[in-house]
Amino acid sequence: MSKEQQKFLKETKRKKYLILFLQFFLLFFFLCLWQISSSLGWINSFIFSSPGKVIQTMITLFKEGSLLHHIGITLFETLLSFFLSSLLGILIATILWWWDICAKVLDPYFTVLNSLPKVALGPMILIWFGANMKSIIFMAMLISLIISILNIYQGFKKVDSEKIKLMKTFYAKKWQIWRYLILPSNASTIIATSKLNISMCFIGVIMGEFLVSKEGIGYLIMYGSQVFNLNLVISGIVLLSFLATALYASILLLEKLSIRRRD
Amino acid sequence: MSKILEIKNLKKNYHTIQKETCAVKDFSMELEEGEFVAIVGPSGCGKSTILSILSGLEEKSSGTISYGDKKIGYMLQTDALFEWLTILENCLLGLRIKKELTEEKKDYVISLLKKYGLGDFLDSYPNHLSGGMRQRVALIRTLATKPDILLADEPFSALDYQSRLTISEDVFRILKEEKKSLILVTHDIAEAVSMGNRVIVLTKRPAMIKKEYEIVLEHPSTPIENRKDKAFSYYYEEIWKEIDHE
Ligand SMILES: Nc1ncnc2c1ncn2[C@@H]1O[C@H](COP(=O)(O)OP(=O)(O)OP(=O)(O)O)[C@@H](O)[C@H]1O
Ligand SMILES: [Mg+2]
C-alpha cells in the first residue's frame, strides 16, 4: 500500500471517529444541560423533568415489573400488526395484479383511503371493537396496510415485460409467473415497504394505545399526562425512541442479510 | 431433408382503441430440418409478430401453422436473465416451469454450459457476466428444453458490433452442433446472409413475402468466414436493393 493511500485511509478513519464522537458529545451535552438547568431551577423540573428523574422513574417501573410488561405489550402489538399487514399487503397486491379489473375498480377507493387521516376513525374503531388489543391492531393495520398494498402492487406492475414474455415462451401459467418472477423480483420492494411499514405500525399502535388506554407505552404516556406525572411521560417517550430505533435496525439487518444472500 | 414447419397464409390483425392494424397479411413459408432461415424487412413490418404467433405468445387471425410434434424454442431480443438466480438456475427455468426437471436433464444443461465455455460460471449471478456471455446463457436456457426449431428475434441487437460477431459465430456453431433449425429475424443484412441458408425479404407492413434468396456461397463456413466469401457482397447488395427504405 502506498503512503498516500495509507494517509487517505487514516484520514477517513479519523473523520469517522470524529463524527461518532461529536454525535455522542451532542447527546451528553444535551443531557448535562437538561440535568443542570433543572437542578439549578432554571427550568421547572415538575414540567420538564430531568434525566435523573427519568432514570429513577424507569427503575421504579422496572422494580414494579410493569416496565417490561408495557414494553412487551407494545412490541407484541407492533410486530403482530406488522406481520399481518405485510402478509395482507402481499396478498392483496397479488389479487390486484392477478385481476387487473380489481385494481382498476378499487383505484379511487385506495386514493381516498390513503389520504384519509386514519386517526379520525379512532373513536369509531373503539366502539366497534371495544377497549382492547383488537382495536389497537386494527388501528395500526389501517394506517400501514393501504400504503403497503400500493407500494407492493406498484412493484409487481413494474416487472420487466421482457421477462414476462420469456416466461410465456415456456408456457408458464399465471401462478408460475407470480411464483418464479413477480415475487422474487420484488424482494427488494417488499423489504423497502417493510421499512415504511414497521414505522407506520408503530405509530398506529401508539395511537391505538392512547385511545384504548389500558397497557403499553402509549398508555404510560397517556396515563402520565392525565395525572400530571411528566417524569412518566418523558420516560415513555425515551422508551419509544429506543424501541423505534431497535425495530428499524432489525429491518435494516434483514435487508443486509437478504442482499448478501444474492451476491 | 424433411419439412418440419409449414406456415400457410398467415394473417394477423392487432386491435387497439384507436384502430385496427394489419401486421401480417399473407405469409407462407416452409422450414426444412436443420435449415437456417433469416427474415429481414423494414422496421415495424411485422417480423416479431410472425415469431410471436409461432411461439404461441400471440393468437393468429387466420391461416394455418403446422409443425407436428416438433418443439419450438424462442430466443428474445434481450437476454432477460433473472438477476436473483444463478446461471445454472436461469438455464433450468424452462424445465422447472414445464415440470420436466430431472437429474438427467440437469446434467444435460450442465454439459451444455461446460461445452460452450460457461463451466466456471454455473453458480455465478448474471451481473458478473459480459453481454456476449449472457446471450450465450440465454441460448442455452432455450436449448435446455430441447426444442427442434429455434426462433430468434434480433437476438444480438443489444450488443456492440464486436460481441455481435463473436456471439453470432458461437450461436451458429452451437445450433449446428446440436442439429437445430433456426428462424432468425434481423434487420442486419450481413447477419442474415452470413447465417442463413435462405433469406426471406418482407414488404412494408402488412408483412408479405417480397422475395426469397437461396444463399449459395462458394465455400460455406461459419458466419465470420462467410462474410469474406465472394458471393456474399452480391447477396448483400441484392437484398439491400430489395428492402423498402423509407
Ligand atoms: N400488441 C400490439 N398491439 C397493437 N399493435 C401492435 C402490437 N404489436 C405490434 N403492433 C404493430 O404491428 C406492427 C408490426 O409490429 P412488429 O413488432 O411485428 O414489427 P417488427 O417487424 O418486429 O418491427 P421492428 O423491426 O421494429 O422490430 C407495428 O406497426 C406495430 O405497431
Ligand atoms: Mg421486432
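As the structure is a computational prediction, the values presented were derived from the model and not from experiment.

Calculation rules
Residues numbered from 1 in each chain as written. Chains lettered and ligands numbered in written order. Predicted model: local features only at pLDDT ≥ 70, side-chain atom pairs only at ≥ 80, totals over all residues. Heavy atoms only, no water. Salt bridge = Lys/Arg side-chain N within 4 Å of Asp/Glu carboxyl O. Helix = DSSP H or I, 4+ residues; strand = E, 2+ residues; numbered from the N terminus. Core = buried A, V, L, I, M, F, W, Y, C linked by side-chain atoms within 4.5 Å. Buried < 20%, exposed > 50% of the residue type's maximum accessible area, 1.4 Å probe, protein only. Contact = heavy atoms within 4.5 Å. Polar contact = N/O pair within 3.5 Å; in protein donor to acceptor, adjacent residues only side chain to side chain. Axes fitted to C-alpha atoms, helices over the stretch in contact; angles between N-to-C directions. Parallel < 35°, antiparallel > 145°, perpendicular 65-115°, else oblique. Left-handed = near helix turned anticlockwise from the far one by under 90°. Near = heavy atom within 4 Å. Areas by Shrake-Rupley, 256 points an atom, 1.4 Å probe, with all protein chains shown as cover. Nonpolar A, V, L, I, M, F, W, Y, C, P; charged D, E, K, R; others polar.

**So, the pattern of salt bridges**
Residue and element names in this part refer to chain A.
Here's step 1: Summed over all chains, the structure comprises 25 salt bridges over all chains.
Here's step 2: Among the salt bridges present, the one from lysine 195 reaches glutamate 255, with a minimum N-O distance of 3.2 Å. Taken as a pair, lysine 195 in helix 10 (residues 187–212) and glutamate 255 in helix 12 (residues 230–262) lie far apart in primary sequence, 60 residues in all.

**Quick look at unusual backbone geometry**
Residue and element names in this part refer to chain B.
Here's step 1: Backbone torsion omega between arginine 205 and proline 206 reads -5°, so that peptide bond is classified as cis.
Here's step 2: As for its position among the elements, proline 206 is in the loop between strand 8 (198–202) and strand 9 (207–214).
Here's step 3: At asparagine 9, a position not held by glycine, the phi torsion is positive, near 50°.
Here's step 4: Assignment of secondary structure puts asparagine 9 in strand 1 (residues 3–15).
Here's step 5: A positive phi angle is found at lysine 146, which is not glycine, with a value near 50°.
Here's step 6: By the secondary structure assignment, lysine 146 is in the loop between helix 4 (131–143) and strand 6 (149–153).

**Some thoughts on the nonpolar core**
Here's step 1: Of all hydrophobic cores here, the largest spans 54 residues; its most connected members are Met167(A), Phe27(B), Met29(B) and Ile183(B).
Here's step 2: The element that contributes the greatest number of residues to this core is helix 7 (residues 133–157) of chain A, accounting for 6 residues.
Here's step 3: If we ignore the near neighbours within four places in the chain, the residues touching Phe27(B) are Ile7(B), Lys8(B), Asn9(B), Leu10(B), Ile39(B), Ile50(B), Ile200(B), Leu202(B) and Ile209(B).
Here's step 4: If you look at the next biggest cluster of nonpolar residues, it comprises 35 residues, including Ile110(B), Leu113(B), Met133(B) and Met195(B).

**Overview of helix 2 (residues 87–97) of chain B**
The periodicity of an α-helix, 3.6 residues per turn, causes residues three or four positions apart to be oriented the same way.
Residues and elements named next belong to chain B.
Here's step 1: Burial within helix 2 is extensive, with 9 of its 11 residues counted as buried.
Here's step 2: Where helix 2 is concerned, the buried positions are Ile87, Leu88, Asn90, Cys91, Leu92, Leu93, Gly94, Leu95 and Ile97.
Here's step 3: Looking one or two places after helix 2, you find lysine 99, whose phi comes out positive at around 55°.

**Description of helix 8 (residues 161–169) of chain A**
Here's step 1: Among the residues of helix 8 of chain A, Glu162(A), Lys163(A), Ile164(A), Leu166(A), Met167(A) and Thr169(A) are the ones counted as buried.
Here's step 2: Buried residues along helix 8 of chain A sit against helix 9 (174–185) of chain A together with strand 5 (72–75), helix 2 and helix 4 of chain B.
Here's step 3: Taking the backbone nitrogen of Glu162(A) as reference, a side-chain oxygen 3.1 Å away marks Asp160(A) as the first, capping residue of helix 8 of chain A.
Here's step 4: Tyr171(A), located one to two residues past helix 8 of chain A, shows a positive phi value of around 55°.

**Quick look at the packing of helix 10 of chain A against helix 11 (residues 217–226) of chain A**
Residues and elements named next belong to chain A.
Here's step 1: Remark: helix 10 packs on helix 11, axes separated minimally by 7 Å, with the N-to-C direction vectors making an angle of 45°. If you check the angle between helix 10 and helix 11, you find them oblique. In the crossing of helix 10 with helix 11, the sense of the turn from one axis to the other is right-handed. Every residue of helix 11 that contacts helix 10 at Ile206, Glu209 and Phe210 is listed here: Ile217, Gly218, Tyr219, Ile221 and Met222.

**With respect to the site of ligand 1**
Residues and elements named next belong to chain B.
Here's step 1: Taken together, Tyr14, Thr16, Ala23, Ser43, Gly44, Cys45, Gly46, Lys47, Ser48, Thr49, Glu154 and Arg205 make up all the residues around ligand 1.
Here's step 2: Within the contact set of ligand 1, an oxygen atom lies 3.3 Å away from a side-chain nitrogen or oxygen of serine 43.
Here's step 3: Here glycine 44 contributes a backbone N or O atom positioned 2.8 Å from an oxygen atom of ligand 1.
Here's step 4: Protein burial of ligand 1: of its 630 Å² of free accessible surface, 64% is covered by the chains.
Here's step 5: Tallying contributions element by element places helix 1 (residues 47–54) first for the shell around ligand 1, with 3 residues.
Here's step 6: Across the shell around ligand 1, the residue classes tally to 3 nonpolar, 6 polar and 3 charged.

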